[in-house]
Amino acid sequence: MSDLEARPDDARPAAKLPDPRYIQTQPLLAPELEAYANEFIDSVNSLPEYRATIGCIIPAYNEEESLAQVIESLLEQTRMPDVIHVIINNTTDHSVDVAAPFAGPHSKVDENGYEQFTEVFIHDIGKNPDKKVGALNYGFTLVEGYDYLLGVDGDTVAEKTAIESLEAEIVSDTRIGGISAIFSIDDEPFKKQLIPAFLIAGQRTQFAAFNMQNMLRGRNMAVLGGQYSIFSVQALRDAMEQNHQSTPWVKDSEVEDSLLSLQIKSAGYLTKISARARADVGGMTTVRSLDAQQVKWNYGAIELMWPGQRGDTKGQPFHPNLRLRWLENAEMLLNIVTRILFVVLLAGSLSIHAFVFSPIWLIPPVVAILLNLRIAMSMKNRNVRDILFAVLIFPAEFYMWIRMGHFIRAWSKFASNKKVDNWAEQAKAERGSGNAHLAPLLFVLAAIIAIVAVWTQLSPVVQSTILWAGWPVLGVITVLQTLSMFGKLIRRQRGYRV
């Protein structure tokens, strides 16, 4: 063995480098190839980066009044979808005629000088027994080769940067399965109509509170609303495979978007609300149509929350996306209890001249006004009507009584175990038919008559005892509710705008 081999590695002598004075430099390339090499490198650098593809589907049922505006909004986006499929189903109006002029290719040059191209296809699938779910699944078969699916309702118009924002957010994190836009309602067309303006103001406040709750929960969205949401097609495939479905949406749920959101979450993906993308959805302008919509939403949510299984829909009471739903139902139940107790106890006290006013009872309404005002101030596109709805306590309180009616109707339907097509009920209500929305009012009137009849039969001692026990119970519940409202009032909103 030589001396060099016997030495450890760190003891070996350093290699002797050549003297740089005697090194002759050679060109890397022959002169005739150097120009070609530079040209090749420039051509490689000029190649475009990979751009995600977005297929948009618009399920449309009797949307002749808004459909043209929806398609125009998509064509005016700073980032147009790569294809737009309008799926018209079960229509009885002129939706096809309204959409037809948009069919074909569309292109434009954006502010950066890049040309964008999209093509609009109009599909009239005629009678569709699965209604919106059938239209959505038909659209999915047309765009499942794209990276992302953008679902847009036939009455929803978004800000020009909405798709650009949604794409940037969902591309930034492969864990995200879907992102919902921030929803509100454009109230300008209804500002001169008393009842529609009142109902739209209530819905705007309701949406704002719901959106803010989701934003403050890490922007985790419980429901990827079908009004304007983007989905990872891979996430949809994974949810389908995990649930043994041939389509993303299923017809046996009253809230197909809520169920799909749960399935995407269960498949290991995140469901988010956008930080920037905004869209105005179609609002309900009559008590009848609002009742039908909200009862359908509440009924479907109860089906998903309730343990056990009805039909093909299995309840998932402990699903993380349903925690907010449980909280909403608990809060609504407390609202019903406190208001009914207050009215009954107040009437009973006045009937025997035992009512004594205390200024402390003004604290809960004041906190409620401040909370409503803060919700109004969190709206990016707030206006005077939103502020007045908040500070004039009677509009917000009356809207709460309407929502309580929706809550009672939904739970009554669910408890009856009677199968009802709530999609058909909503469609009928939007056409101005049906009087189911009056059921809560009739129930309240019947309850008042019964309570008065029973109260008048009680002795003064029993009446006093009921009041003596009832007011403290109401006081405890009201204190807890007020503390909950105060907690929401002082909670940091982190600069979010809804």
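To keep things clear, this report deals only with the structure shown in the data block.

The rules behind each value
Residues numbered from 1 in each chain as written. Predicted model: local features only at pLDDT ≥ 70, side-chain atom pairs only at ≥ 80, totals over all residues. Heavy atoms only, no water. Helix = DSSP H or I, 4+ residues; strand = E, 2+ residues; numbered from the N terminus. Buried < 20%, exposed > 50% of the residue type's maximum accessible area, 1.4 Å probe, protein only. Patch = residues over 30% accessible without salt bridge, like charges linked within 9 Å, V, L, I, M, F, W, Y side chains within 5 Å. Areas by Shrake-Rupley, 256 points an atom, 1.4 Å probe, with all protein chains shown as cover. Salt bridge = Lys/Arg side-chain N within 4 Å of Asp/Glu carboxyl O. Pairing = 2+ DSSP bridges. Right-handed = clockwise from strand over helix to strand, strands pointing away. Arc of directions from axis to C-beta. Contact = heavy atoms within 4.5 Å. Axes fitted to C-alpha atoms, helices over the stretch in contact; angles between N-to-C directions. Parallel < 35°, antiparallel > 145°, perpendicular 65-115°, else oblique. Nonpolar A, V, L, I, M, F, W, Y, C, P; charged D, E, K, R; others polar.

1. Structural notes on unusual backbone geometry
Consideration 1: Phi at Lys131 takes a positive value of approximately 55°, unusual for a residue other than glycine.
Consideration 2: Note on placement: Lys131 falls in helix H5 (residues 131-143).
Consideration 3: Residue classification places Lys131 among the partly exposed positions, given a relative accessible area of 29%.
Consideration 4: A positive phi angle, near 55°, is found at His244, a position not held by glycine.
Consideration 5: Its location among the elements puts His244 in the loop between helix H8 (233-242) and helix H9 (256-266).
Consideration 6: Exposure remark for His244: the relative accessible area of 76% places this residue in the exposed category.

2. Digging into a nonpolar patch on the surface
Consideration 1: A cluster of nonpolar residues, Leu438, Leu441, Leu442, Phe443, Val444, Leu445, Ile448 and Val452, forms a patch on the protein surface that exposes about 720 Å² of accessible area.
Consideration 2: Tracing the backbone through its elements, the reader meets Ile448 in helix H16 (residues 439-457).

3. Looking at the pairing of strand S4 (residues 115-124)
Both faces of the sheet carry side chains from a regular strand, because those side chains alternate between them.
Consideration 1: Relative to S4, strand S2 (residues 83-88) runs parallel, the two being bridged by five bridges. Across the sheet, Ile88 pairs through a bridge with Asp124, a residue of S4.
Consideration 2: By the bridge criterion, six bridges tie strand S3 (residues 104-109) to S4 in an arrangement that is antiparallel. Within S4, the residue paired with His106 across the bridge is Thr118.
Consideration 3: The hairpin turn running from S3 into S4, its antiparallel successor, is five residues long, and Gly113 in that turn takes a positive phi close to 90°.

4. A short note on the pairing of strand S1 (residues 54-60)
Consideration 1: When you tally the buried positions in S1, you get seven out of seven residues, the bulk of the element.
Consideration 2: Burial along S1 is two-sided: the residues Ile54, Cys56, Ile58 and Ala60 and Gly55, Ile57 and Pro59 are all buried.
Consideration 3: Both S1 and strand S5 (residues 148-152) contribute to a ladder of four bridges, which runs parallel. Paired with Gly55 across the strands is Leu149, a residue of S5.
Consideration 4: In this region the chain leaves S1, passes through helix H3 (residues 67-75) and returns to the parallel neighbour S2; the handedness of that crossover is right-handed.

5. Describing helix H13 (residues 384-391)
Consideration 1: Along H13, the positions that sit buried rather than exposed are Asp386, Phe389 and Ala390. The arc enclosing the buried residues of H13, seen along the axis, measures out at 95°, which places them on a common side.
Consideration 2: Check the buried side of H13 and you find it contacts helix H7 (194-215), helix H12 (363-377) and helix H14 (393-416).

6. Thoughts on the packing of H8 against H9
When two helices pack together, their arrangement is given by the angle between the helix axes and the distance between those axes.
Consideration 1: Two numbers describe how H8 lies on H9: the axes approach to 9 Å, and their chain directions differ by 90°. Overall, the two elements H8 and H9 adopt an arrangement that is roughly perpendicular. Within the contact between the two elements, H8 uses Ala235, Leu236, Ala239 and Gln242 and H9 uses Leu260, Gln263, Ile264 and Ser266.
Consideration 2: In terms of residue class, the contact of H8 with H9 is built from five nonpolar, three polar and no charged.

Keep in mind that these numbers describe shape and distance, not what the molecule does.
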